[in-house]
Amino acid sequence: MTTTPTPTTDDAPSPPAPAPAQGRGAWSTLRPLVLRLHFYAGVLVAPFLLVAALTGLLYAASFQAEKIVYDHELTVPVGDRELPVSEQVAAARAAHPDGEITAVRPSPEPGATTRVLLSGIPGVDPGHTLAVFVDPYTAKVRGELEQYGSTGALPLRTWIDEFHRDLHLGEPGRLYSEFAASWLWVIACGGLVLWFSRRRTQRKLRGTTGRRRTLGLHGGVGAWVALGFVFLSATGLTWSAYAGAHIGDLRTALGQETPAVSAAAGEHAGHGTAGGTGGDAAHGVGLDRVLAAARAEGLDNPVEIVPPTDEGSAYVVQQIQRSWPTKQDAVAVDPATGQVTDVLRFEDFPVLAKLTRWGIDLHTGSLFGLVNQIALMLLALSLILLIFWGYRMWWQRGRGSAFGRPIPRGAWQQVPPQVLVPLLALVAVLGYFVPLLGIPLAAFLAVDIVLGEIAHRRGRRTYDPASG
């Protein structure tokens, strides 16, 4: 929300705005427009961004908190030998005979428990599963917790994740996060352009006070983290409600969908849709031979075994490592013979499918583990500080009892048609693909035009060139 002082308010009487000077460059006419957009977008969107930053900060920290809070369920003393997976699943089944086994996650490393995931358990959210934690050395059940998502989020991280995503309001709540993500990159890019367009002497922080010092802090920190905000915005939109659907359609049209191993048993049917749930994991040859077949194909830990959905389906074994290097290879195993019927390698994913996978994992703090999570926390803290400094600058723009004089309207009127028309076309395209950017922007422009016309009819100036 970088701004510059202006000597007048929107309501100050003055003569009609002079015509733009001849020979003015494109940037000199665009800068007031960018300044006004950055200011108003910052003021109006900042509350949503503040919520996203605070909840995102909590989510980035939740990975490590989860390990501490659920240490008893997640870890066990390292034993001499791990028992067969089938025995571990049988122990979980004895403790919880109800529900259906949807997946099994064998112990990924020494000292880690095995997770047996059950669906259809009374009292468990239908979109979640119950994870039963089993000691791989003794087959004793260590506990059970509700689990959500492919990253295996447990109750603490699940609660924070849903708070960050939709404020626990369901689908309507997702609009808040999509609105914030839609505008974050606009505010960040606008601030970055405004900061570097200022003279170097105006960007100095040392020895400054008041609003200029706040501006220096706001602009300087913003310049350092702007690219990080653009990344968070872009990756956040990939799984949003409306923009995410457009991105998915575009990937489909380009043949860049994320493939899935074929779960059809007894045939090498190519890459289709992977299978889902089954009531009992002990189909045909059983879990141990299925896991051995997957290991023979190079699928090392961590992996997830999904039982067949019906008599015509195969087991699906998929690597689930989201950290670097990413492990997402998958195989289908015929339950009747134990033979691998299909193999899918992550290296064969389309380019956009890989970038989407890495982008989401980097956004959520999985790709580079603790380093990734610390970087996300620093970005969240930076955004919180930038919002504070932005509102402080707005306060400092006031005189006496006035709170935050606005940037003068009418800047768009000074943009030459040869620049304005392509700019509006670009905005229209962006607005279509990112509707929670396009619709508010169109509304803002309409209100700006109406208020500008009212001010013009009252003989008040709509734009002060000196403010740019």
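First, a word on scope: everything that follows refers to the structure included in this document.

Quick notes on the rules
- Residues numbered from 1 in each chain as written.
- Predicted model: local features only at pLDDT ≥ 70, side-chain atom pairs only at ≥ 80, totals over all residues.
- Heavy atoms only, no water.
- Helix = DSSP H or I, 4+ residues; strand = E, 2+ residues; numbered from the N terminus.
- Contact = heavy atoms within 4.5 Å.
- Salt bridge = Lys/Arg side-chain N within 4 Å of Asp/Glu carboxyl O.
- Buried < 20%, exposed > 50% of the residue type's maximum accessible area, 1.4 Å probe, protein only.
- Core = buried A, V, L, I, M, F, W, Y, C linked by side-chain atoms within 4.5 Å.

Helix and strand counts for the chain come out as twelve helices and eight strands. Within the chain, residue pairs in contact and separated by at least 24 positions form 66% of the contacts whose partners lie at least 6 positions apart.

Omega for the peptide link from Asn-301 to Pro-302 comes to -5°, which places this bond in the cis form. With respect to the helices and strands, the residue Pro-302 is situated in the loop between helix 8 (287-296) and strand 5 (303-306). In the segment running from Trp-324 into Pro-325, the intervening peptide bond is cis, with an omega of -5°. In this fold, Pro-325 is placed in the loop between strand 6 (315-319) and strand 7 (330-333). Positive phi, close to 65°, is recorded for Ala-139, a residue that is not glycine. By the element assignment, Ala-139 lies in the loop between strand 3 (129-134) and strand 4 (141-147). The backbone of His-168 sits at a positive phi, close to 60°, despite the residue not being glycine. Note on placement: His-168 falls in the loop between helix 4 (155-166) and helix 5 (174-197).

In this section: the pattern of salt bridges. Two side chains bearing opposite charge may form a pair once their charged atoms approach each other closely. Going through the model one piece at a time under the given rule, you end up with nine salt bridges. With a closest N to O distance of 3.4 Å, Arg-174 and Glu-171 form a salt bridge. The class of Arg-174 is buried, set by a relative accessible area of 18%. A salt bridge links Arg-322 to Asp-361, with the nearest nitrogen and oxygen atoms 3.2 Å apart. Taken together, the residues Arg-322 in the loop between strand 6 and strand 7 and Asp-361 in helix 9 (residues 351-363) connect sequence positions 39 residues apart.

Now for the nonpolar core. Of all hydrophobic cores here, the largest spans 33 residues; its most connected members are Val-45, Leu-49, Trp-183, Leu-184, Ile-187, Phe-229 and Leu-383. If you tally residues by element for this core, the top one is helix 5, at nine residues. When near neighbours in sequence (up to four residues on either side) are disregarded, Val-45 contacts Phe-179, Trp-183 and Ile-187. Core analysis: the second largest hydrophobic core is formed by 25 residues, Val-85, Ala-92, Ile-305 and Val-333 among them.

By themselves, these figures tell us nothing about what the structure is for.
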